[in-house]
2 protein chains.
Amino acid sequence: MTAPIRSIPDVLDAYNAAIADVIARYLPDGQPDAHLYDPLRAFTVGQGKGLRPALCLAACEAFGGSTADALLSAAAVELLHAAFLIHDDIEDGSEKRRGASALHVQHGVPIALNVGDALAVLCFRPLLDNVDVLGSRLSRLVLAEFQRTMERTVEGQAIELGWRHDNATALTPVDYLDMILRKTCAYTTILPLRVGALIGSRGSADLDAIAEFGFLLGAAFQIHDDLLDLRSDEPYGKDILGDIREGKRTLMVIHFLRAARSEDRERIVAFLGRPRESRSDDDVRAVLSLLRDAGSLDFAENYAAELVEQADVAFDAAFAPCAPSPALDFLRDVVPFMTARTA
Amino acid sequence: MTAPIRSIPDVLDAYNAAIADVIARYLPDGQPDAHLYDPLRAFTVGQGKGLRPALCLAACEAFGGSTADALLSAAAVELLHAAFLIHDDIEDGSEKRRGASALHVQHGVPIALNVGDALAVLCFRPLLDNVDVLGSRLSRLVLAEFQRTMERTVEGQAIELGWRHDNATALTPVDYLDMILRKTCAYTTILPLRVGALIGSRGSADLDAIAEFGFLLGAAFQIHDDLLDLRSDEPYGKDILGDIREGKRTLMVIHFLRAARSEDRERIVAFLGRPRESRSDDDVRAVLSLLRDAGSLDFAENYAAELVEQADVAFDAAFAPCAPSPALDFLRDVVPFMTARTA
C-alpha cells in the first residue's frame, strides 16, 4: 500500500489543476471588491486540499465518463466547501483557517458571513450551466443532489451547535456518527462521489451503495481530522487544539465522557460548561492529557481504522460495475489515505 | 386612488393564503427541532406582509397564467426573504424583527446563522419541483432568475456593509439607488415580478421592462421603509430608530451629509464614526432632530414620491401586452401603496 498512498497528493494536484481554471472563471473579480470579491477570491483560489473535487472527477471517470463531464459539478463542490468553512468558523468562533486568520477575524463577522453567502450562491452557477454539458435531466438530478446535501449539512451543523448550546455530555459514538454523516460526510465525500458516479454512469450507478462507501470514507476522514487537531503541536492551518478550546464533541471527548473515572469526567464536564473565553491554554492542554491518559485518542484511532476496513468492503460493492482504470485505483487508494495523511 | 389603496392589504392576504400551505409543506418539522426547524418555522410561518409572493402571483396572472403555475416560485421568494432577513439582522446587529427579538438575540448568532442557511437552501426545493409544473426550460429559467438575484443581493449587502466598515460619508443619492437596486429591489420586487411574468407569459414577456418597473417600485418601497423607521415612535416590529443606531446610510443620512451646515455635519460624522454600543438613545434622537431640521426627511419623501410617479409610467410599458384583470389592477394600485403604507 506504500506506493499508492504516497501518490495520492500528486493525483489530487492533477485533478485540482483541471478545476482551478473552472473555479477562477466562476469567481467574479468586479465590484464590490474590497468587501466581497477580493476576500472571496483570496479565500478560495488555490486553497484547500482539493479532496472533494478529486473524488467527484475520479468517480465520474471510474464510471466511464470523462473529467470534462464533471468539471462544473466538481467546481461547485469546492465552492460549497468554501462557503461552509466560512460560516462554520463564525459559528464555532474558530480563529485560524487555511494557514491564516479566519475570514471573520480578518474582516469582521458581517462581511465574512456575506462572503459565505456569496460562495453558496455562486456554486449554483456552474450547476445551472451543467445543462449545456449534461442535458436537462442529468443536470437537474445533479442540482437535486446538491440541494439535498445542503439540507443535510445544515442539519448536522444544528445538531453539533445544539450539543454545545445545551452542553450535552450524554452522547454516544452513534450520535457522533449521525452528526458527521450529515455535517461532514454528506458534502465532503457522499455528494462528490454520488454526483461523479451519476454523471459518469449517466444515471445508472447504484447511488445508495456509493453513499454507503462515502459515509465510511468521510467518517474515517473526520475522525482522523479531529485526531490531527489533537496530535499536532505544530500549526497545520487551523487553531492548535482548537477543537478542545471550542468544546467540540469529538469522538475522543464522547469516549472520554463514557469511559473516564468520575473525578476526571467531572473535570471535563466543568471545562465544557465554562464559556470559551475562560478556557486557558493550560486548561486546554490539561484536557488533552486527560483524553490521552484515558485512551480516548487510541479509541478514536482504532475506530477510524475499522471504518477504513469497512470502507474497503463498501468500495468493492459501490464500484463493482467499473472496469479497471487509474481513477478507480485512486478511489481505492484514497481509503487508507484518509487515516494516513498528516495534514 | 383611496379605494384601491385601502384594498391592497386584503389582496395581499388573499394571495398569501394561497401560498401559506405551500410554504408549510416545504418546511420540515422533524429533527433537529430545537436548534433548527422549530425556530425556522416560528420565524417563517404566518410572518411577513407577503408583498413579494403577491407580486409574483399577480404578475403571473396579469400575463395570462394561473396562480397555480407560480405558487412554488412565490413560496421560494418568501423563503429567500426570510433567509436574507436573518443574516441581515446578524450583520446589522439588529435587535428586533417581526415583532419579537431578532433570531440571533433569541438563539445566539451560530444557530441563527445556520437557520438562515437552511432557509436559503430550502428555497431551492420548490424551485426544483417547478419542473413538474413548468417543464424543464421554464423551470430552469426561473432557477437562473433566483441565482442571479441572490448574487445581486449579496453584492448590495457588501456595498452597504462596506460603507459602515469604512465609515463612508461622501455618498450620493445615485450611490444609494445602486445599493438598494441590488440589496432590496433585486429580490423584493424585480425577482417576483420577473418570475411571475416569465411564468405567466411562458417566456414571452419583456423582462427588462418588468425589471425597470420593479426597480422604481422597490426603491420607493425601501425609502418609505426607512422613513417609517424614523417616523415611528411606536414599535412596528423592528428596532425603534434602529437604522440611525446602526449607522445605516439611508437616503436621509446621505442627503444630510451633503446638505447640512458644516457644524451639524460634523456632529453626524462623529456619531457615525463611533462604535454602535456607544450610541445612546439621546444621541439617536438628536440625530433624528438634525435630519428633520435639515429637511432630509422631506427630501426623501419627495424622492420616493417621484419614484412612484416614474413607476406609474414604467408600469404602462411593462404590462402593455396584458389584458385588463384584477391582478393587473392590483399591480397598478400597489404603486401608490408603496409610500402610503404605515407598516
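These numbers were taken from a predicted model, which means no experiment stands behind them.

With respect to the overall build of chain A
Helix and strand counts for chain A stand at 15 helices and two strands. Over its C-alpha atoms chain A spans a radius of gyration of 20 Å, differing by no more than 12% from the 20 Å that the globule rule assigns to 343 residues. Taking the principal axes of its C-alpha atoms as reference, chain A extends roughly 60 × 50 × 35 Å. Looking at the 343 residues of chain A, the share that counts as buried comes to 53%. Taking all contacts inside chain A whose residues are at least 6 apart in sequence as the whole, residues at least 24 apart take part in 76%.

Side note on helix H14 (residues 296–318) of chain A
Residues and elements named next belong to chain A. Taking 1.5 Å per residue, 23 residues should reach 33 Å; H14 reaches 32 Å between its end C-alpha atoms and fits that length. Within the span of H14, buried status applies to Ser296, Leu297, Ala300, Ala304, Leu307, Val308, Ala311, Ala314, Phe315 and Ala318. Tucked inside the fold, the buried residues of H14 contact helix H9 (207–231), helix H11 (251–259), helix H13 (281–293) and helix H15 (326–340).

Some thoughts on the confidence of the model for chain A
Residues and elements named next belong to chain A. Overall, the prediction assigns chain A a mean pLDDT of 94, with 96% of residues at 70 or greater. Low confidence marks residues 1–6, where pLDDT is under 50. Its contacts with residues over four positions away, or in another chain, come to seven contacts. Both confidence scores are given for the complex: pTM 0.95, ipTM 0.95.

Re the interface of chain A and chain B
In many analyses, interface size is given as the accessible surface area lost on bringing the parts together. If you look at the interface, chain A gives 35 residues, while chain B gives 35 residues. Going through the elements one at a time, helix H2 (33–44), helix H4 (67–92), helix H6 (109–122) and helix H7 (124–165) of chain A are the ones with two or more residues in the side of chain A that touches chain B. At 19 residues, the largest contribution of residues to the side of chain A that touches chain B is made by H7 of chain A. A breakdown of the residues in the side of chain A that touches chain B according to their chemical character gives 20 nonpolar, nine polar and six charged.

Considering the packing of H9 of chain A against H15 of chain A
All names here are of chain A. Direction vectors running N to C along H9 and H15 enclose 20°, while the axes themselves pass 8 Å from each other. Comparing their axes, H15 and H9 come out roughly parallel. Of the two possible hands of crossing, H9 and H15 adopt the one that is left-handed. Across the interface between the two elements, Leu217, Ala220, Phe221 and His224 of H9 pack against Val335, Met338 and Thr339 of H15.

Here's the deal with the packing of H4 of chain A against H6 of chain A
Residues and elements named next belong to chain A. Here H4 crosses H6 at 155°, and the two axes come no closer than 8 Å. Classed by the angle they form, the pair H4 and H6 counts as roughly antiparallel. Where H4 crosses over H6, the two elements pack in a sense that is left-handed. Two secondary-structure elements touch here, H4 through Leu79, Leu80, Ala82, Ala83, Ile86, His87 and Ile90 and H6 through Val109, Ala112, Leu113, Val115, Gly116, Leu119, Ala120 and Leu122. The class makeup of the residues in the contact of H4 with H6 is 13 nonpolar, two polar and no charged.

Brief notes about the nonpolar core
The biggest cluster of nonpolar side chains holds 234 residues, and the ones touching the most others in it are Leu119 and Ala220 of chain A together with Leu119 and Ala220 of chain B. Apart from residues lying up to four places away in sequence, Ala220 of chain B is in contact with Ala304, Leu307, Val308, Ala311, Met338 and Thr339 of chain B.

Here's the deal with H2 of chain A
All names here are of chain A. In this model H2 runs just 14 Å from its N-terminal to its C-terminal C-alpha over twelve residues, more than 12% under the 16 Å that 1.5 Å per residue would give. Listing the buried residues of H2 in full gives His35, Leu36, Tyr37, Pro39, Leu40, Phe43 and Thr44. One or two steps after H2, the chain reaches Gly46, where phi turns positive at roughly 70°.

With respect to the relation of the copies chain A and chain B
Once turned by 180° and shifted 0.0 Å along the axis, chain A lies on chain B with an RMSD of 0.0 Å. One copy is carried onto the other by what is essentially a two-fold rotation axis. No C-alpha of chain A lies nearer the rotation axis than that of Ser136 of chain A, which sits 3.3 Å from it. When the interface residues of chain A are mapped onto chain B, 100% of them again lie at the interface, so the same face is used by both copies.

Description of the environment of Ile244 of chain A
All names here are of chain A. Note on placement: Ile244 falls in helix H10 (residues 242–246). A C-alpha to C-alpha distance of 6.2 Å links Ile244 and Val284, two positions 40 residues apart in sequence. The contact partners of Ile244, leaving out residues within four places of it in the chain, are Val284, Val287 and Leu288.

Focus: the environment of Asp316 of chain A
Residues and elements named next belong to chain A. Take Asp316: it is sitting in helix H14. By C-beta crowding, Asp316 is classed as exposed, having 11 other C-beta atoms within 10 Å. Sequence separation between Asp316 and Phe330 is 14 residues, and the spatial gap between their C-alpha atoms is 13 Å.

Description of unusual backbone geometry
Here the bond from Gln31 of chain A into Pro32 of chain A is cis, since omega is -10°, no more than 30 degrees from zero. The topology assignment puts Pro32 of chain A in the loop between helix H1 (2–26) and H2. Although it is not a glycine, Arg98 of chain B sits at a positive phi angle of roughly 50°. Turning to its location among the elements, Arg98 of chain B is positioned in the loop between strand S1 (96–97) and strand S2 (100–101). We note that Asn167 of chain B has phi near 50°; this positive angle belongs to a residue other than glycine.

Remarks on the environment of Asn130 of chain A
Residue and element names in this part refer to chain A. Topologically, Asn130 is positioned in helix H7. Overall, Asn130 belongs to the buried group, with 25 C-beta atoms counted inside 10 Å. Sequence separation between Asn130 and Leu228 is 98 residues; the distance between their C-alpha atoms is 37 Å. Excluding residues that lie within four positions of it along the chain, Asn130 makes contacts with Leu72, Ser73, Ser139 and Val142.

How each quantity is defined
Residues numbered from 1 in each chain as written. Chains lettered and ligands numbered in written order. Predicted model: local features only at pLDDT ≥ 70, side-chain atom pairs only at ≥ 80, totals over all residues. Helix = DSSP H or I, 4+ residues; strand = E, 2+ residues; numbered from the N terminus. Rg over C-alpha atoms; globule rule 2.2 N^0.38 Å. Buried ≥ 20, exposed ≤ 12 C-beta atoms within 10 Å, placed from the backbone. Contact = placed C-beta atoms within 7 Å. Expected span 1.5 Å × (residues − 1). pLDDT = per-residue confidence, 0-100. Nonpolar A, V, L, I, M, F, W, Y, C, P; charged D, E, K, R; others polar. Axes fitted to C-alpha atoms, helices over the stretch in contact; angles between N-to-C directions. Parallel < 35°, antiparallel > 145°, perpendicular 65-115°, else oblique. Left-handed = near helix turned anticlockwise from the far one by under 90°. Core = buried A, V, L, I, M, F, W, Y, C linked by C-beta atoms within 7 Å. Least-squares fit on C-alpha atoms with pLDDT ≥ 70 in both.

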